[in-house]
Amino acid sequence: MIPRLIQITGTKEKIKKYEFVAALGGALASLIYFYYFKLSISKYLTVLVGILIGFFYGLFASALAEVLNVTPVFAKKFKVKHQLKFIIWALILGKVFGSLFYWLIFIKN
């Protein structure tokens, strides 16, 4: 996912930052998984974290769809090649708003 993201965004000069963030994320995820601790954060920070997680899921889903050639085949079949940018943004925003709905509204009920 990271090499494709670098290729799409044209940010090859920031590859060390991508590597650092990926390693840090893996280490933090391992710590969170193995150790129990409670975070008391405000609901506004929770929304920000939800948006960031939504971005990750959106990028991950888009990368997976691109690897499986689902998005290009879809764009070619329905003749929407020129609107492909909007389709990808719709996938990303759909994941963000879906995550926000799930965590902020659905879980409360």
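What counts, and at which threshold
Each residue is numbered by its place in its chain's sequence as written, counting from 1. The predicted origin of the model limits local features to residues at a pLDDT of at least 70 and limits the giving and counting of side-chain atom pairs to 80 or more, whereas totals for whole chains, interfaces and linings rest on all residues. The side-chain quantities take in all heavy atoms of the structure and omit both hydrogens and water. By definition, any uninterrupted DSSP run of H or I lasting at least four residues is a helix, any uninterrupted run of E lasting at least two residues is a strand, and each is numbered from the N terminus. Buried residues are those whose accessible area, probed at 1.4 Å on protein chains only, stays under 20% of the maximum for their type, while exposed residues exceed 50% and partly exposed ones sit between those limits. Any two residues whose heavy atoms approach within 4.5 Å at even a single point are treated as in contact. Accessibility throughout is a Shrake-Rupley quantity obtained with a 1.4 Å probe, and a residue counts as covered only by protein chains that appear here. Only the six-membered ring of Trp is used, alongside the rings of Phe and Tyr, when aromatic pairs are assigned; centres must lie within 6.5 Å, and planes under 30 degrees apart are stacked while those over 60 apart are edge-to-face, with the rest tilted. Counting as a charge over the ring demands two things of the Lys NZ or Arg CZ atom: a distance within 6 Å of the ring centre and an angle within 35 degrees of the ring normal. What a helix should span is 1.5 Å times the count of its residues minus one. Polar contact is defined as a pair of N or O atoms within 3.5 Å, subject to the rule that within protein one atom must be able to donate a hydrogen and the other to accept it, and that residues adjacent in sequence are counted only when both atoms are side-chain atoms. How sure the predictor is of each residue is captured by pLDDT, a score from 0 to 100.

Draft legend 1. Inspection of the overall build of the protein at higher detail. A count of helices and strands for the protein gives 5 helices and 0 strands. Helices and strands appear in the protein in the N-to-C order α-α-α-α-α. Projected onto its principal axes, the C-alpha positions of the protein cover 50 × 40 × 20 Å. By residue count, 13% of the 109 residues in the protein fall in the buried class. Long-range pairs, those at least 24 residues apart, make up 64% of the contacts in the protein between residues at least 6 apart in sequence. Accessible area for the protein stands at about 9400 Å²; split by element, carbon and sulfur atoms hold 72% of it.

Draft legend 2. Seen up close, the packing of aromatic side chains. Tallying each qualifying case throughout the model produces 2 aromatic pairs. Seen from their ring centres, Phe56 and Tyr57 are 5.8 Å apart, and the 55° between their planes marks the pair as tilted. Its relative accessible area of 43% is what places Tyr57 among the partly exposed residues. The ring of Phe86 carries the charged tip of Lys85 above its face, separated from the ring centre by 5.6 Å.

Draft legend 3. Summary view of the environment of Lys38. You can see Lys38 is positioned in the loop between helix H2 (15–34) and helix H3 (43–67). Overall, the relative accessible area of 69% leaves Lys38 in the exposed class. Along the sequence, Lys38 and Lys16 sit 22 residues apart, while their C-alpha atoms lie 31 Å from each other.

Draft legend 4. Helix H5 (residues 84–106), seen in detail. Taking 1.5 Å of rise per residue, the 23 residues of H5 would be expected to cover 33 Å, and the 31 Å separating its terminal C-alpha atoms lies within 8% of that figure. Turning to H5, its buried residues number three or more, namely Ile92, Val96, Ser99 and Leu100.

Draft legend 5. Structural view of the side chain of Thr11. Within the secondary structure, Thr11 is located in the loop between helix H1 (2–9) and H2. Look at Thr11 and you get buried, because its relative accessible area is 14%. For Thr11, the side chain forms a polar contact with the side chain of Tyr18, separated by 2.9 Å. Apart from residues no more than four positions distant in its own chain, Thr11 is found in contact with Ile6 and Tyr18.

Draft legend 6. Here's a closer look at the confidence of the model for the protein. Of all residues in the protein, 93% attain a pLDDT of 70 or more, and the chain-wide mean is 81. The least confident element of the protein, judged by mean pLDDT, is helix H4 (residues 70–77) at 75; the most confident is H2 at 88.

Draft legend 7. Geometry of the side chain of Ser99. Inspection of the secondary structure puts Ser99 in helix H5. Residues contacting Ser99, with those up to four places away along its chain left out, are Gly50, Gly54 and Tyr57.

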